[in-house]
Amino acid sequence: MNKKKHNQKHLTMTQRIWIEKGLNENESFASISRRIEKDPTTVLKEVKRNRFSPKRSEVWKPLPCNRKKECQIRFLCDGMDCTNLCKSCYKPDRECKSCIDICPDYLPDICPNISKAPYVCNGCLKVKRCNLQHTFYSAQAAEENYQALLVSSRNGINQSPSDIAMLDNLISPLLKQGQSIAHIYANHGHEIPCSRKTLYSYIDLGIFEARNIDLRRRVRFLMLIFFDLILQNQTFQEITILTYHITTCKNFIVFE
């Protein structure tokens, strides 16, 4: 029997809305996955990855202890004449109003819906009167996390420190000798583990000892714009801004 093949594309905002709607209606992961044509494991991972715990309204009130039913601890407050169990004892004049504040065996109670499917409280009927920590899935919050991850995963340097040091030792001396990135790549392309555009990005970020000022064609291009502005009688402010860019050689990308 052939299994149905699901597409491997990323989840869309519409599919996330269907997931949230299904959770609100207490549908199973299998039912939700059939609706959005995804594998149930994909829905499971999506919910667990993007669920969040909102701030409790009663922050001052600690969560109930998970061991309260079988707890038999006494004399936590050093009151040797007290005959009550600490979990049922209350004295207004005592500094700690609850045994939870001083008990070394305190273990916060966790809702079972969080530790097993559906892993969230979206469709729970007791959520309004439950005093445990809640966890929810929101399609909008999940989409925002997804978009932020797309941006952050493409930022930064995708090289190890040893590779960066190797590239710096190879490229910086050649750039300072007047060679272009294209010429360096033509002769040493088999030694460089990235593209030409990536090298320009690394130089812009100041990763290498060489700077944009060492790229001869880039500086020449900026100087041409500078003299063109002078001939066009541009304002002093515009010429000053371009002079700064020529000095720092940033925000201008010209490929050989």
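Higher on the page you've got the structure.
Everything numeric here is computed off the predicted structure, so don't read it as measured data. (Residues numbered from 1 in each chain as written. Predicted model: local features only at pLDDT ≥ 70, side-chain atom pairs only at ≥ 80, totals over all residues. Heavy atoms only, no water.)

> Hey, could you run me through the pattern of salt bridges in this one?
Side chains that carry opposite charge are capable of pairing whenever their charged atoms lie near each other. The final tally for this structure, using the stated rule, is 6 salt bridges. The residue E143 makes a salt bridge to R16 at a minimum N-O spacing of 2.8 Å. Of this pair, E143 sits in helix α5 (residues 139–152) while R16 sits in helix α1 (residues 13–24), and the two are 127 residues apart along the sequence. Judged on exposure class, the residue E143 and its partner R16 are both buried. The structure contains a network of salt bridges with shared partners spanning R16, E46, R49 and E143. (Salt bridge = Lys/Arg side-chain N within 4 Å of Asp/Glu carboxyl O. Helix = DSSP H or I, 4+ residues; strand = E, 2+ residues; numbered from the N terminus. Buried < 20%, exposed > 50% of the residue type's maximum accessible area, 1.4 Å probe, protein only.)

> Explain the nonpolar core here, please?
Formed by 17 residues in total, the largest nonpolar core has its most connected members in L167, I171, L175, I181, I192, L199 and F208. At the level of secondary structure, the elements contributing two or more residues to this core comprise α6 (161–176), α7 (181–188) and α8 (196–204). By residue number, the principal contributor to this core is α6, which donates 6 residues. Setting aside chain neighbours within four positions, we find L199 in contact with I171, I181, Y185, I192, C194 and F208. Formed by 12 residues, the second largest nonpolar core is a distinct cluster that contains L23, I36, V47 and A142. (Core = buried A, V, L, I, M, F, W, Y, C linked by side-chain atoms within 4.5 Å. Contact = heavy atoms within 4.5 Å.)

> When you look at the packing of α6 against α7 in this model, what are you seeing that I'm missing?
The packing of two helices is summarised by the inter-axis angle and the distance between the axes. Where α6 meets α7, the closest approach of the two axes is 10 Å, and the angle between their N-to-C directions is 135°. Considering the angle they form, α6 stands oblique to α7. With respect to the hand of their crossing, α6 and α7 are arranged in right-handed fashion. Facing L170, I171, L174 and L175 of α6, the residues of α7 in contact are I181, I184 and H188. Along the lines of polarity and charge, the residues of the contact of α6 with α7 split into 6 nonpolar, 1 polar and no charged. (Axes fitted to C-alpha atoms, helices over the stretch in contact; angles between N-to-C directions. Parallel < 35°, antiparallel > 145°, perpendicular 65-115°, else oblique. Left-handed = near helix turned anticlockwise from the far one by under 90°. Nonpolar A, V, L, I, M, F, W, Y, C, P; charged D, E, K, R; others polar.)

> How should the side chain of H134 be read in this particular structure?
As for its position among the elements, H134 is in the loop between α4 (112–115) and α5. For H134, a relative accessible area of 17% gives the class buried. Here the side chain of H134 touches C130 through a polar contact of 3.3 Å, landing on its backbone oxygen. Setting aside chain neighbours within four positions, we find H134 in contact with F52, S53, P54, C121 and V127. (Polar contact = N/O pair within 3.5 Å; in protein donor to acceptor, adjacent residues only side chain to side chain.)

> Sorry if this is basic, but what is going on with the packing of aromatic side chains here?
Any pair of aromatic rings gets described here by the distance separating the centres and the angle formed by the planes. Evaluated as defined, the whole model comprises 2 aromatic pairs. Taking the centre distance of 6.0 Å and the plane angle of 90° together, the rings of Y202 and F208 count as edge-to-face. Here the two residues Y202 and F208 agree in accessibility, since each one is buried. Stacked on the ring of Y146, the Lys or Arg R16 has its end atom at 4.7 Å from the ring centre. (Phe/Tyr/Trp six-rings, centres within 6.5 Å; stacked < 30°, edge-to-face > 60°. Lys NZ or Arg CZ within 6 Å of the ring centre and 35° of its normal.)

> Whenever I open this one, unusual backbone geometry confuses me. Can you help?
What is expected of a backbone is that most residues other than glycine have negative phi and most peptide bonds are trans. Look at the link from A117 to P118: it is a cis peptide, with omega at 10°. Within the secondary structure layout, P118 lies in the loop between α4 and α5. A positive phi angle, close to 60°, is found at E37, a residue other than glycine. Counting through the fold element by element, E37 comes out in the loop between α2 (29–36) and α3 (40–50). On the basis of relative accessible area, E37 is assigned to the partly exposed category, the value being 43%. At Y119, a position not held by glycine, the phi torsion is positive, near 70°. Positionally, Y119 belongs in the loop between α4 and α5.

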